[in-house]
Amino acid sequence: MWSLAAILILGQTPDPAAAAPDASPIAEDGAALQPTPTLSAPLAAEPPLVIDAQAVPPPAAAPLAPPPDAAADDDSDARASEAVTLTTAESLATSTAYRLSVASRLQLDLGFENTDEDVAEWWNAASLRLSHRQGDSLSLVAEAQTRWGVTGKDPRPAHRFWLANSAEPQWAADTRLREAHVTVRRGIFEARLGAQLFVWGKNEVFAAADVLNPVDLRYDVVAALETPKEARLPIVALDLGAFAADWSAELVLAPYFEPHHATVIGRDFSVARPGSELERRILAVGQVSPSIEDQLQQAAQGTEQPQARPQDFTWAVRGTARLKGVDVAATAVYGWDRLPRVWVDPDLSRLLAAADLILADPQTLTTDPALRTASLNVQQKALAGQALLASRFHRLTRFAAEAQTTIGSVVARADVGFSPDQTFYTTELLPIGRPAATAALGLEYTYGDAWYVATTGYALAVLRPPAWGRLLHVERDRQPIGDRPLAALYGISSHLRWRDDDLGLQAAVTGAFDVAPGDHVLWGELQYDHLAPHVLKLGALVMNGPAGTLGRSYAENDLAYLAYGAAW
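Calculation notes
Residues numbered from 1 in each chain as written. Predicted model: local features only at pLDDT ≥ 70, side-chain atom pairs only at ≥ 80, totals over all residues. Heavy atoms only, no water. Helix = DSSP H or I, 4+ residues; strand = E, 2+ residues; numbered from the N terminus. Buried < 20%, exposed > 50% of the residue type's maximum accessible area, 1.4 Å probe, protein only. Contact = heavy atoms within 4.5 Å. Areas by Shrake-Rupley, 256 points an atom, 1.4 Å probe, with all protein chains shown as cover. Phe/Tyr/Trp six-rings, centres within 6.5 Å; stacked < 30°, edge-to-face > 60°. Salt bridge = Lys/Arg side-chain N within 4 Å of Asp/Glu carboxyl O. Polar contact = N/O pair within 3.5 Å; in protein donor to acceptor, adjacent residues only side chain to side chain. Patch = residues over 30% accessible without salt bridge, like charges linked within 9 Å, V, L, I, M, F, W, Y side chains within 5 Å. Pairing = 2+ DSSP bridges. pLDDT = per-residue confidence, 0-100. Arc of directions from axis to C-beta. Core = buried A, V, L, I, M, F, W, Y, C linked by side-chain atoms within 4.5 Å. Expected span 1.5 Å × (residues − 1).

**With respect to the overall build of the chain**
Tallying secondary structure elements over the chain gives 9 helices and 23 strands in all. Within the chain, the fraction of its 568 residues that count as buried is 49%. Expressed as a percentage of contacts within the chain between residues at least 6 apart in sequence, the contacts between residues at least 24 apart total 65%. With an accessible surface of roughly 26300 Å², the chain has 63% of that area assigned to carbon and sulfur atoms.

This is the structure:
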């Protein structure tokens, strides 16, 4: 059921700048980063402002740019400073930089289904990133972020909806320290310690090596599609590496486990979407107050989690090289599958299966002998302190390889991966572990400054699927089951973008279609940025598909939005 995270796969936008080694560095928020001054950098033509014996060059206006490529190594603090840089007069090799960004998005549902779904959402975020560099040997980064917002449901039928009168508004907020790490360099060797983001792999769709960071889907899902890095959660890790001109090698050690974060019920993109069968099962056992729906997520993060002990550490090794004009990489990860395997007590499972009967007539719990017995058993087990539900995480081993090259004006990218034992769920919500392989092949083409197009083919193969059931969100309902060698999901995603710098307009359309099992998503956006650093956006997201697919599970969540963003 945690396959909701797969929605991040659909519609992510690669950036042609990632394929050009000499392209200007791009910040996560889309603003071009100003290069950090070095000892060989020319002085500014205009006299600098002097404040407390520090020289502050007049800041240049940062041009807006497309979202960064999540498949590229987005280590902006080590390679370039942010938009505002303070440089000491004594040494231009020492620099301190900051970046402040804000964002706001108002989302409206395109159809009211009267299922207690959210019809209006307003999400906001603000972040402050500080980075300091001491020559080429030491750098420090710290970034704080706060998010807050509100969701509201369709008002009663007798009331006309006018946005501010949404029913049952639910506010949510959190403040966190995101990236916070220190990096020490000596020649080709580098050591980094702290909360980090690892963006490995060449394609954004099914990048097999990109498994170290969990994702957070509790807030603005559109923002997670638009800037995938914003949906990632940093992990505390030690990263040891050697980086030369044509090769690199890394060893990553992560002692602490961090699960995915997603709401269980109550939100449009919850695991149990409003109006779904899974939500009915949960509510049949016990009503949940909207005030604690978000906290229910904590119980779904696992009744048992890996501990910070050596035998539970996550390990990863990665090597890259450039061979005859082709960038290649190989990765091995020995970590944890963040999709837990949930066990439910048989008596509780019997009550969950009878959810519709119990909701229609609560007296069924006393009149039906089987349900009465199950209900009494559940109560007795709960009083005795016996576990009725267990949620455990299993080890995940992932092997991945990737390659990237340029063929004329086209950039080609490939990723393949294999896991001997990966967690999946059947349509009956039973967890299983099976070997799985993924592959992705992407092509990108840029025409001048106006046009950009990218297409990616992707596939997931689950070996030896169960003969007695279908895999949730991999196989559609009514698909024949029985002994079969594999269950496959495969499809194609495309992105088309047009930009006019004179008008400050950018239009983009992204679509993904799973040939099997047959669901799809379409995302369109119009952006106006002639008031830099301020950006306005207008867009829509729609999805659908056959029963049993991810697109059908969230088909009633089609939405339109108006967004604002700025960075200084």
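**Topic: the packing of aromatic side chains**
The tally for this structure, following the rule as stated, stands at 5 aromatic pairs. Taking 5.4 Å as the distance between ring centres and 75° as the angle between the ring planes, the aromatic pair formed by W123 and Y219 counts as edge-to-face. Here Y219 lies in the loop between β8 (189-196) and α2 (221-226) and W123 lies in strand β5 (residues 118-134), a separation of 96 residues in the sequence. Residue W123 is classed as buried on the basis of its relative accessible area of 4%. Since its relative accessible area comes to 11%, Y219 is described here as buried. Summarising the aromatic geometry, the rings of F257 and F393 are spaced 4.8 Å apart at their centres and angled 55° between planes, so their arrangement reads as tilted.

**A closer look at the pattern of salt bridges**
Any two side chains of opposite charge can pair, given that their charged atoms come close. In total, this model carries 26 salt bridges according to the counting rule given. A salt bridge links R105 to D220; its shortest N-O distance comes to 2.6 Å. Residue R105 is found in strand β4 (residues 94-109), and its partner D220 is found in the loop between β8 and α2; the two are separated by 115 residues along the sequence. No difference in accessibility class separates R105 from D220, as the two residues are buried. With a closest N to O distance of 3.1 Å, E226 and R105 form a salt bridge. Remark: R105 occurs in strand β4 and E226 occurs in helix α2; sequence separation between them is 121 residues. In this structure, E226 and R105 share a single accessibility class: buried. Several salt bridges converge on common partners, so that one network encompasses R99, R129, E143, E179 and K229.

**Focus: the environment of D210**
Relative to the elements of secondary structure, D210 occurs in the loop between β8 and α2. The spatial distance from the C-alpha of D210 to the C-alpha of F198 is 7.4 Å, given a sequence separation of 12 residues. Residues in contact with D210, not counting those within four places in the same chain, are F198, V199, W200 and R232.

**As for the side chain of R129**
Relative to the helices and strands, R129 resides in strand β5. We classify R129 as buried; its relative accessible area is 0%. Only 3.2 Å separates the side chain of R129 from the side chain of E143, close enough to count as a polar contact. Of note is the side chain of R129, whose polar atom sits 2.9 Å from the side chain of E179.

**Some details on a nonpolar patch on the surface**
Taken together, the side chains of Y98, L100, L128, L130 and W568 make up a nonpolar region of the molecular surface, amounting to roughly 410 Å² of accessible area. Sorting the residues of the nonpolar patch by element identifies β4 and β5 as the ones contributing at least two each. The residue Y98 is located in strand β4 in this model. By relative accessible area, Y98 is classed as partly exposed at 32%.

**Quick notes on the pairing of strand β17 (residues 431-447)**
Summarising the sheet, strand β16 (residues 410-425) and β17 pair through 14 bridges and their orientation is antiparallel. Within β17, the residue paired with Q422 across the bridge is R434. Note that β17 and strand β18 (residues 451-463) share 12 bridges and pair antiparallel. Residue E444 lies in a different strand from β18, and its bridge partner there is A454.

**Describing the pairing of strand β20 (residues 505-516)**
In terms of strand pairing, strand β19 (residues 486-500) meets β20 through 11 bridges, oriented antiparallel. Within β20, the position partnered with I492 by the bridge is F513. In textbook terms, the turn of a hairpin is the stretch between consecutive antiparallel strands, and for β19 and β20 this stretch comprises 4 residues, one of which, G504, has a positive phi near 70°. Both β20 and strand β21 (residues 520-531) contribute to a ladder of 9 bridges, which runs antiparallel. The residue of β21 that forms the bridge with F513 is H520. In textbook terms, the turn of a hairpin is the stretch between consecutive antiparallel strands, and for β20 and β21 this stretch comprises 3 residues, one of which, G518, has a positive phi near 115°.

**Things to note about the confidence of the model for the chain**
Confidence along the chain averages 81 in pLDDT terms, with 79% of residues attaining 70 or more. Counting contacts from residues 1-91, a segment whose pLDDT is below 50, to residues more than four positions away or on other chains yields 214 contacts.

**Brief notes about the environment of E556**
Examined against the element boundaries, E556 turns out to sit in the loop between α9 (550-553) and β23 (559-567). Through-space distance from the C-alpha of E556 to that of D268 is 8.5 Å; in sequence the pair is 288 residues apart. Among residues more than four places away in sequence, those in contact with E556 are D109, E113, T115, E117 and R273.

**Re helix α5 (residues 346-353)**
Every buried residue of α5 is listed here: D347, L348, L351 and L352. Angularly, the buried residues of α5 cover 145° about the axis, an arc narrow enough to put them on a single face.

**Digging into the nonpolar core**
Counting 27 residues, the largest nonpolar core has F206, F424, Y458, L460, L471 and L541 as the members making the most contacts within it. Listed by contribution, the elements that provide at least two residues to this core are α2, β17, β18, β19, β21, β22 (534-544) and β23. Leave out the neighbours within four places in its chain, and L541 touches L225, V521, L522, W523, N557, D558 and L559. In this structure, F198, A237, V252 and A316 belong to the second largest nonpolar core, which totals 12 residues.

**Brief notes about helix α8 (residues 369-383)**
The end-to-end C-alpha distance of α8 is 21 Å, a good match for the 21 Å that 15 residues give at a rise of 1.5 Å each. On its buried side, α8 packs onto α5 and α7 (364-367). One or two residues past the end of α8 sits G385, with phi positive at roughly 80°.

**Structural notes on the side chain of Q145**
Note that Q145 resides in strand β6 (residues 138-153). In terms of polar contacts, Q145 uses its side chain to reach the side chain of E230, at 3.1 Å. Look past the residues within four positions of Q145 in its chain and what remains in contact with it is A126, S127, D174, T175, R176, R178 and E230.

**A short note on unusual backbone geometry**
Residue P517 is reached from A516 by a cis peptide bond, and omega for that bond is 15°. Examined against the element boundaries, P517 turns out to sit in the loop between β20 and β21. At the junction of A532 and P533, the peptide bond is cis and its omega measures out at 10° in the coordinates. You can see P533 is positioned in the loop between β21 and β22. Of note, the phi angle at E168 is positive, near 50°, even though the residue is not glycine.

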